[in-house]
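Coordinate analysis (summary)
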Amino acid sequence: MITTGAARLAGVTGDPVSHSLSPILMGLWIDAAGLDAQYVPFPIAPEHFDRAVSGLASAGCVGLNVTLPHKEAALDLADSAAAAARAVGAANLLTMSGGKIHADNTDIAGFLYALEPANINYDKAKVLVVGAGGAARALVYALLTVGVSDLAICNRNLPRAEGLARDLAPGASLIPWEARNDVLSDRTLIVNATSLGLKGRNELSLDWDRVSPGSVVFDSVYTPLKTGFLAGAAERGLTAIDGLDMLIGQARPSFQAFYGQPVPQLPDLRGQLIRHLEPS
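Figured I'd write up the structure that's included with this text. Keep in mind that this is a model prediction, so the values were computed, not measured.

To continue, consider the environment of leucine 269. Mapped onto the elements, leucine 269 comes out in helix H10 (residues 269–277). For leucine 269, a relative accessible area of 12% gives the class buried. The sequence separation of leucine 269 and isoleucine 248 amounts to 21 residues, and the corresponding C-alpha distance is 9.0 Å. What leucine 269 contacts, discounting residues up to four positions off in sequence, is Leu25, Leu28, Trp29 and Ile248.

To continue, consider the pairing of strand E8 (residues 150–154). Counting buried positions along E8 gives 4 out of 5 residues, so the element sits mostly inside the fold. Where strand E7 (residues 126–130) and E8 come together, 5 bridges link them in parallel fashion. Among the inter-strand pairings, leucine 128 is bridged to a residue of E8, identified as alanine 152. Taken together, E7, helix H6 (residues 134–145) and E8 form a β-α-β motif whose crossover is right-handed. Strand direction decides the pairing type here: E8 and strand E9 (residues 173–175), joined by 3 bridges, are parallel.

Pairing within the open sheet is parallel, and its 6 strands lie in the order E9-E8-E7-E10-E11-E12. This sheet does not close on itself; its edge strands, each paired only once, are E9 and strand E12 (239–241). Averaged over all neighbouring strand pairs, the angle between strand axes comes to 20°, with direction disregarded. Here E7 runs beside strand E10 (residues 189–192); their pairing, made up of 4 bridges, is parallel. Residue pairing for E10: leucine 128 is matched across the bridge by isoleucine 190. Relative to E9, helix H7 (residues 158–168) is tilted by about 165°, and along the sheet it contacts E8 and E9.

Counting residues in hydrophobic clusters, the biggest one holds 35 residues, and the most contacted among them are Phe111, Val127, Val129, Leu143, Leu151, Val191 and Phe218. Residue assignment for this core shows that the elements contributing at least two residues are helix H5 (107–115), E7, H6, E8, H7, E10 and strand E11 (216–219). With 6 residues, H6 is the single largest residue contributor to this core. Apart from the residues within four sequence positions on either side, leucine 143 is in contact with Phe111, Tyr122, Val127, Val129, Val148, Leu151 and Leu189. Counting residues in hydrophobic clusters, the runner-up holds 25 residues, among them Ala10, Val17, Leu247 and Leu273.

The subject of this paragraph is the packing of H5 against H6. One way to put it is that H5 packs onto H6 with a least axis distance of 8 Å and a crossing angle of 65°. Considering only the axes of H5 and H6, their crossing is right-handed. Residues Asp107, Ile108, Phe111 and Leu112 of H5 pack against Ala138, Leu139, Tyr141, Ala142, Leu143 and Thr145 of H6. Along the lines of polarity and charge, the residues of the contact of H5 with H6 split into 8 nonpolar, 1 polar and 1 charged.

What follows covers the packing of H5 against helix H9 (residues 244–259). Two elements in contact, H5 and H9, have axes separated by 7 Å at closest approach and are oriented at 135°. Relative to H9, the element H5 lies oblique. As for the relative orientation of H5 and H9, their crossing is right-handed in sense. When H5 is examined against H9, the residues Asp107, Gly110, Phe111, Tyr113 and Ala114 are found in contact with a partner set consisting of Asp245, Met246, Ile248, Gly249 and Gln250. Here the contact of H5 with H9 is built from residues that sort into 5 nonpolar, 3 polar and 2 charged.

The rules behind each value
- Residues numbered from 1 in each chain as written.
- Predicted model: local features only at pLDDT ≥ 70, side-chain atom pairs only at ≥ 80, totals over all residues.
- Heavy atoms only, no water.
- Helix = DSSP H or I, 4+ residues; strand = E, 2+ residues; numbered from the N terminus.
- Buried < 20%, exposed > 50% of the residue type's maximum accessible area, 1.4 Å probe, protein only.
- Contact = heavy atoms within 4.5 Å.
- Pairing = 2+ DSSP bridges.
- Right-handed = clockwise from strand over helix to strand, strands pointing away.
- Axes fitted to C-alpha atoms, helices over the stretch in contact; angles between N-to-C directions.
- Core = buried A, V, L, I, M, F, W, Y, C linked by side-chain atoms within 4.5 Å.
- Left-handed = near helix turned anticlockwise from the far one by under 90°.
- Nonpolar A, V, L, I, M, F, W, Y, C, P; charged D, E, K, R; others polar.
- Parallel < 35°, antiparallel > 145°, perpendicular 65-115°, else oblique.

In structure tokens:
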């Protein structure tokens, strides 16, 4: 596509952001829709976040997707926010118009989109969420909205997990980090909502032999596509779901918010993204 001076500019910001597939994904949709638009990465350090985002808004950027570690700061920066983002306390989508910034959270829809093929009976699910940051808050909120009542939260920083439970899930069980394997035997859905495993570093380690057959395991990380966390679950014969479909699911409403139209239908979209992740 030829980009003109009238192009609608949006992007993704994080620290780091080099691992993000969002520019590839959005670029595929932009090209397929024939839009005069660009979607680019903006690596922004936390100490520069407010100033950089405000500058982009003033310069005519129509919006940003937000990834680690800026999701909570994104909500604080916004002039207005959707109810879901307020409830979660974190935003992964900022839209900009007239110098004003609006926050939303599409991680909720993206997570549930990724889990759809597993046909989980949420009313009876027993869930362990590992993590307590902005992503974990969205995933916990999503689980509560679909009827999960048996929820356990485990995080290396226990006070942070306590804050998540207090804000969103007062009935959740809090699991000390060193006891994470002790609760696995009755968990039917295990969720990694941390950055552990990103780029193959600092893998989240669990004792998969303690997990019951038939359980579902989800990893919000998608670079690499098969983390050590998911590989261990797959070796146990569990249903292992990577974070790529969550990326696609959360990006769909973002695209419409930025460019004013639904995403075009592309054959083998997931396959195209995987080829960027795992070049031959």
